[in-house]
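In case you want the letters, here they are:
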There are 2 protein chains.
Amino acid sequence: MTVDGHATIRDVAALAGVSVGTVSRVLAGNQTVKHGLLLRVRAAIEELNYRPNQAARALRSNRVNVVGLLIPDITNPFFAQMANDLERLAADAGYALILSSSHNDQDREARQFMAIMEHKPLGVIFVPTKGRPDVVVPERTRVLAIDRRAEGFASITVNQRESAALALDHLVALGHQRIAYFAGPESTDNARERREGFLARAASLRSAGQPLEVEVFIGDFDFESGEKLARALLNCPPKYRVTAIAAASDQQAIGAIRTARDLGVVVPTDLSVVGFDDITLASLVVPRLTTVLQPVREMAETAFKQITAGTDAMKSEEFMGRLIVRDSTAAAAPHVTSD
Amino acid sequence: MTVDGHATIRDVAALAGVSVGTVSRVLAGNQTVKHGLLLRVRAAIEELNYRPNQAARALRSNRVNVVGLLIPDITNPFFAQMANDLERLAADAGYALILSSSHNDQDREARQFMAIMEHKPLGVIFVPTKGRPDVVVPERTRVLAIDRRAEGFASITVNQRESAALALDHLVALGHQRIAYFAGPESTDNARERREGFLARAASLRSAGQPLEVEVFIGDFDFESGEKLARALLNCPPKYRVTAIAAASDQQAIGAIRTARDLGVVVPTDLSVVGFDDITLASLVVPRLTTVLQPVREMAETAFKQITAGTDAMKSEEFMGRLIVRDSTAAAAPHVTSD
DNA sequence: CTGTTAGCGCCTTCAC
DNA sequence: GTGAAGGCGCTAACAG
């Protein structure tokens, strides 16, 4: 017994009448233990309610059943969902999750990264703030970027360009020809790529003969930005208005819907709105938001699988967004397309 | 140097020309090291980019710079805020935060609790699901319940009764006399206590001569519940309607506002709405939500301070909610109060 | 004040 | 197949 009342591997060995080596082998699931001893050891473990000391294990093997997660901000619903999925995966596999926030600050990111490293995690999954974080990573620690790419690391991402184009395809299929795109801040790669993908698809449709006008408005990813951009945009007579808005985030889209309602513009009859992300709130607003889902759960599963995949090299994977059609989009009113 | 390329305390000692004991003392912030040596050690640490091995430290001292956090669900904005505040406090104090979710499942809670324990955290802060979790806690581990009480543990809570009464006081001061209360699920202590506090204050006001009618509707804490209860309630002519709704959660309140708008009931002119919690969304909806703030940040600070307070016994503390007046409440229309 | 040293609990050779 | 023993990196107790 240790001071704190916990049994050690020696107590187990003594009770089972074997050596610590044998207990250790049983713990490791080593097949080379005779069945009788195995049962005795198991019984002793049970009786003493023995739990291996993770610290000792970590010290010896320089690796502990911990996975680090470093994200910009846990109060962002998108990252909260990601943390939730990863925590569940980790817990079910017997790993603990160390959570840390960079608050989009590169220095803080580097500091937090190193702080996580001190705990000798099996691996670290992180959402890079920008560029390559200034950290030294031991060869054996498995590190993976998620949601955003980071120089020098494998990454699990979503193809932003193609996914953003899905929103445009959907609107065009509904007959919309005058469309506004609410972009996110140009300082983030994801916002820029979404905008580029959206515009590239627009250009390609136009050169295929599709009549189409797209106006771009640049803002932030949040609710207020969506409200503000929409207010400027919708404050004109219907015949001059766009018939649809595609936004770079669900928050923007929800803000736009709110403004539309304030201005008496009916969604989706007078105006279609598409978001991006599929946060939980998207299916709770009225009307329920049509959006492009980022497959967070699958990304989390893939990331976790790679982190725990033994010694294989990490490799980047790219996912596709999926269009989720709900109630905020509808066919363009015919009188708007003509004339 | 160890295999993984990281310097150890011995490398630092060698480079600085001192013993490991001295380095250890410097690390511990021990004052009894001569200034010259201290500087040499610091320089060596810097040069080698030395990071103490937390596992070794944990093994030796049976205590590691880790705090465990066990909450029901990180995707709940209220808990996300709490996790955010705690993570920040922990990081700034040099602690790592192990995050774990119970998903309101008692068995899972117990399992996760023990899993955290294996990592020998300095302490654990947890939001109890119900009753006393079935766990064995070593004497030295500091455990604290937060947001909800748990038998056998000190807890950091909000006085639900008094806080809920604040909402009523506010509405009554605005002249409201017919009020609906949207309660949360009776299976949770917090929901029950909020309802009881609200009704107790109503009774006390009435017996002091204040004309007042309160109708209680029981639902869940979420958006949909608020919408549903409001729909049933508001679908009648103004003269039969309540003039105000107080809800047990911001989500319910926001749902109610949404329904009101759908039914053409103008908030706050025709109907005042008060929430509870002050989630981030509360100040983003239109109209911005009047609500009772739960002082999450202060609770987190108190909890963290206690956990890291050395050997003092933990003690329960109770906070008060604070009324945050925004735009969803206004004076009752005079014609409603008469007749 | 500083150096030396004995383990913390576990895993992993190395003998047998 | 099993036991014995060394040592992972660090802290704390004890000498000096």
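The structure presented is a predicted model; accordingly, all values stated were derived computationally and were not measured.

Visitor: Before we go on, may I ask you to explain the sheet that holds strand β12 (residues 322-324) of chain A in this structure?
Guide: Sheet strands pair via backbone hydrogen bonds, and the direction of the pair is either parallel or antiparallel. Residue and element names in this part refer to chain A. The strand order β7-β6-β8-β9-β10-β12 describes an open sheet built from six strands, whose pairing is mixed. Unpaired on one side and paired on the other, β7 (213-218) and β12 mark the two borders of the sheet. In this sheet, adjacent strand axes meet at a mean angle of 20° when their direction is disregarded. In this structure, strand β9 (residues 272-277) lies alongside strand β10 (residues 290-293), joined through four bridges in parallel fashion. Of the residues in β10, the one forming a bridge with valine 274 is threonine 290.

Visitor: How should the domain arrangement of chain A be read in this particular structure?
Guide: When the parts of a complex come together, some accessible area is lost, and that lost area is often taken as the interface size. Residue and element names in this part refer to chain A. Examined at the domain level, chain A breaks down into domain 1 (9-51), domain 2 (66-158 + 296-320) and domain 3 (160-295 + 323-336). For domain 2 and domain 3, the distance between their C-alpha centres works out to 31 Å. Between domain 2 and domain 3, the contact holds 14 residues from the first and 14 residues from the second. Around 1200 Å² of area is buried between domain 2 and domain 3 when both sides are counted, 46% of it from carbon and sulfur atoms. A per-residue breakdown of the area domain 2 buries against domain 3 is headed by Phe78, Val158 and Met320, which together make up 47% of the total. At the junction of domain 2 and domain 3, the tally comes to eight residue pairs in polar contact (both at pLDDT 80 or more). For the side of domain 2 that touches domain 3, the secondary-structure elements that each account for two or more residues are α5 (77-92) and α11 (296-307). At four residues, α11 tops the list of elements feeding residues into the side of domain 2 that touches domain 3. Across the side of domain 2 that touches domain 3, the residue classes tally to seven nonpolar, one polar and six charged.

Visitor: Please clarify how the pattern of salt bridges should be interpreted in this entry.
Guide: A side chain with one charge can pair with a side chain of the opposite charge if their charged atoms come near. Going through the model one piece at a time under the given rule, you end up with 38 salt bridges over all chains. Notably, a salt bridge pairs B:Glu186 with B:Arg195, separated by 2.7 Å at the nearest N-O pair. On the accessibility criterion, B:Arg195 (16% relative accessible area) is buried. The network of salt bridges with common partners includes A:Lys130, A:Arg161, A:Asp189, A:Arg192 and A:Glu196.

Visitor: Is there a simple way to explain helix α3 (residues 35-48) of chain B in this structure?
Guide: Working note: α-helix, 3.6 residues per turn, so residues spaced by three or four point in the same direction. Residue and element names in this part refer to chain B. Counted at 1.5 Å a residue, the expected span for α3 with its 14 residues is 20 Å, and the 20 Å between its end C-alpha atoms agrees. Taken as a whole, α3 has its buried residues at Leu38, Val41, Ala44 and Ile45. Projected down its long axis, α3 carries its buried residues within an arc of 130°, all on one side. In α3, the exposed residues that point more than 90 degrees away from the buried face are His35, Glu46 and Glu47. In the core, the buried residues of α3 are packed alongside α1 (9-16) and α2 (20-27).

Visitor: Please clarify how the sheet that holds strand β8 (residues 244-247) of chain B should be interpreted in this entry.
Guide: Residues and elements named next belong to chain B. Ordered by their spatial adjacency, six strands build an open sheet running β7-β6-β8-β9-β10-β12, and the pairing between neighbours is mixed. Of all the strands in the sheet, just β7 (213-218) and β12 (322-324) have a single pairing partner and so form its edges. Sheet twist, expressed as the mean angle between neighbouring strand axes with direction ignored, is 20°. Note: strand β10 (residues 290-293) against β12, three bridges, orientation antiparallel. Each residue of the ladder has a partner; that of leucine 293, found in β12, is arginine 322. The strands touched by helix α10 (residues 250-262) are β6 (178-183), β8, β9 (272-277) and β10; relative to β9, the strand with the most contacts, the crossing angle is about 155°.

Thresholds, definitions, all that
- Residues numbered from 1 in each chain as written.
- Chains lettered and ligands numbered in written order.
- Predicted model: local features only at pLDDT ≥ 70, side-chain atom pairs only at ≥ 80, totals over all residues.
- Heavy atoms only, no water.
- Pairing = 2+ DSSP bridges.
- Helix = DSSP H or I, 4+ residues; strand = E, 2+ residues; numbered from the N terminus.
- Axes fitted to C-alpha atoms, helices over the stretch in contact; angles between N-to-C directions.
- Domains from an automatic or database assignment.
- Contact = heavy atoms within 4.5 Å.
- Buried area = accessible area lost by both parts, 1.4 Å probe.
- Polar contact = N/O pair within 3.5 Å; in protein donor to acceptor, adjacent residues only side chain to side chain.
- Nonpolar A, V, L, I, M, F, W, Y, C, P; charged D, E, K, R; others polar.
- Salt bridge = Lys/Arg side-chain N within 4 Å of Asp/Glu carboxyl O.
- Buried < 20%, exposed > 50% of the residue type's maximum accessible area, 1.4 Å probe, protein only.
- Expected span 1.5 Å × (residues − 1).
- Arc of directions from axis to C-beta.

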